[in-house]
Amino acid sequence: MKNKLHTKIGFCFILAFVLLISIPSFSKKGQERFKPDELICEMMPGYSVDIINDLFGTSVKGYQEQTDCYLLSIRPDQNAESLAVVIGAMPEVLYCKANYYLSAPEAFQRSQPFLEDQGIITYSIQPAAIALDLPTILQTVDGADIKVAVIDCGVNLNHPVFDNSSGEVYYGWDYIDNDPISNDEPGGICSGHGTFVAGVIKLAAPASDVYCYRVLDTTGTGNGYDIASAIISAVDEGCRVINLSLGMVGIHEAVDEAIKYAEHNNVVVTAAAGNEATDSNLDFPFPASRAYCIAVAAVDSMNLLADFSNYGIKVDICAPGTGILSSYLESYFAWWDGTSFSTPFVSAQAALILSINHSMTSIEVRNIIANSAVNIDQINSGFEGLLGDGMIDIGASIEAIIQNLMGDYDESGSLNILDIIYIINYIYKDGPAPIPLISGDMDCSNSINILDVIYLINYLYKDGPPACQSRQF
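Throughout what follows, the structure given in this document is the object of discussion. Just so you know, the residues in each chain are numbered from 1, in the order the chain's sequence is written. Only residues with pLDDT of at least 70 are given local features in this predicted model, and only at 80 or more are side-chain atom pairs given and counted; all residues enter the totals for whole chains, interfaces and linings. Excluding hydrogens and water, the side-chain values take into account all heavy atoms of the structure.

All right, on to the sheet that holds strand β9 (residues 221-223) then. With respect to topology, five strands assemble into an open sheet ordered β2-β3-β1-β4-β9, the strand pairing being antiparallel. Both edges of this open sheet fall to β2 (59-64) and β9, since each of them pairs with a single strand only. Averaged over neighbouring strand pairs, the angle between their axes works out to 30° when direction is ignored. As paired strands, strand β4 (residues 93-103) and β9 are joined by three bridges and run antiparallel to one another. Across the sheet, the residue bridging to L102 is G222, located in β9. When DSSP locates at least two bridges between a pair of strands, those strands are taken to pair. In this description a helix means any DSSP run of H or I spanning at least four residues, a strand means any run of E spanning at least two, and both kinds are numbered starting from the N terminus. Every axis corresponds to a line fitted to the C-alpha atoms, with the helix fit spanning only the stretch in contact, and the corresponding angles, defined between N-to-C directions, vary from 0 to 180 degrees.

Below is the structure:
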């Protein structure tokens, strides 16, 4: 009886708005904020989407089983936003919205493309790499065995940067052309954006495997349902980190549910804070506005907030975002500014952390990044408390992980005689190596030998000091 009543109430509501929903969208082509012929909807438990289809003449175009989100086609004479309001008010429906667009926020490319040997500074020793001390850090950890998803405008898979890195770069699905070749296409303002982001990740975590999903066209625009699909695919394909250098004002429910799915599966999601130079909480870009994303703002070479970067209480962390040098189309490089390129530095940091300890949860990774950051409020007058936890310190985050693993080679959760046996077996009997290898270097001598065994024995049985604290990154 209750179900019939709900349906009748919904039908009466529909009749009241029949004129409104029959008004077509008059947005000019290329200026729409949403796909004019699509809705995204989720039903309340126990209700079928057929209720919507029967009443409104819609049809199912797609379905995301992991989040229970439907993509519906609507009639040409219906306005998506107006119809979504009517359907969303039905008691059988959890939410219903137009399929809004998200976009890449960058317009600050600072150079014409050039070959690396034409540049003044090379890719691997550019200012951002030196500021983060990457040459030193990468001697210890490189992101091996971690998959990072770049959900963007595709990738130039043949760029020499990717040939020279130890990890692989793979095509994910191309949701723009609906094929498995997610190439970074030339000819638009967003061309090169995805390749650039992937190159930054390879700069800071060269042994990570990067999976690139194309969800933005050459203008930098893509619909939320496709982006949600890419997030879900990245999670299901084993990515531990997802980079989202894109955004919108408001909330796209399908994307939001997909990010929650990633969080539930311990996948770290990073998102660009945006380039509007604003601290408006109401307009702060989604998905960076969500608590389960790491919102990344941009700073310059002096750790001052970049003049274009958003800031505010929703920012989680800052990373270099001005004068970044990375891979571009064909074999070219370029300089580019923006929070889109701060974000992959944090994605790479998460990959480095996870490569040391694969069992860490996404929350633990976020906490390590936050707790190891350097507070920069004092040098950013007027922005105190609006820059999150400050500037990332990759070396400090790696050191914190290693210190937690020092000596517990059998992963028992405590140090005991079995750990001594473990390290002796490694040194003298070809036993398994500590993971990471540097965790066996108890005395910070940069080698693993009998002195590390003695160090561990002294700690366990003779009140000796714990693992050394003087390692520098």
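Continuing now.
Next up on the list: unusual backbone geometry. The peptide bond linking F286 to P287 adopts the cis configuration, its omega dihedral lying at 10°. With respect to the secondary-structure elements, P287 resides in the loop between β11 (268-272) and β12 (294-299). At D145, a position not held by glycine, the phi torsion is positive, near 70°. Along the chain, D145 falls in the loop between α6 (134-137) and β6 (147-152). Burial classes: relative accessible area under 20% of the type maximum marks a residue as buried, over 50% as exposed, and values in between as partly exposed (1.4 Å probe, protein chains only). For D145, a relative accessible area of 63% puts it in the exposed group. Of note, the phi angle at D430 is positive, near 55°, even though the residue is not glycine. Relative to the helices and strands, D430 resides in the loop between α14 (417-428) and α15 (450-461).

When two cysteine sulfur atoms are found within 2.5 Å, that pair is recorded as a disulfide. On inspection of all chains with the given rule, the structure shows one disulfide. With a sulfur-sulfur separation of 2.3 Å, C41 is cross-linked through a disulfide to C96. Note that C41 is positioned in strand β1 (residues 34-43) and C96 in strand β4, a separation of 55 residues in sequence. Free of any disulfide, C153 has its nearest neighbouring cysteine sulfur in C190, separated by 3.7 Å. Judged by relative accessible area, which is 4%, C190 ranks as buried.

Topologically, I176 is positioned in the loop between β7 (169-174) and α8 (193-204). Taking the relative accessible area as the measure of exposure, I176 reaches 32% and is therefore partly exposed. When the C-alpha atoms of I176 and G154 are compared, they prove to be 9.6 Å apart, with 22 residues separating the residues in sequence. What makes two residues a contact is simply this: any of their non-hydrogen atoms within 4.5 Å. Excluding residues within four positions of it along the chain, I176 makes contact with R214, V215, L216, D217 and T221.

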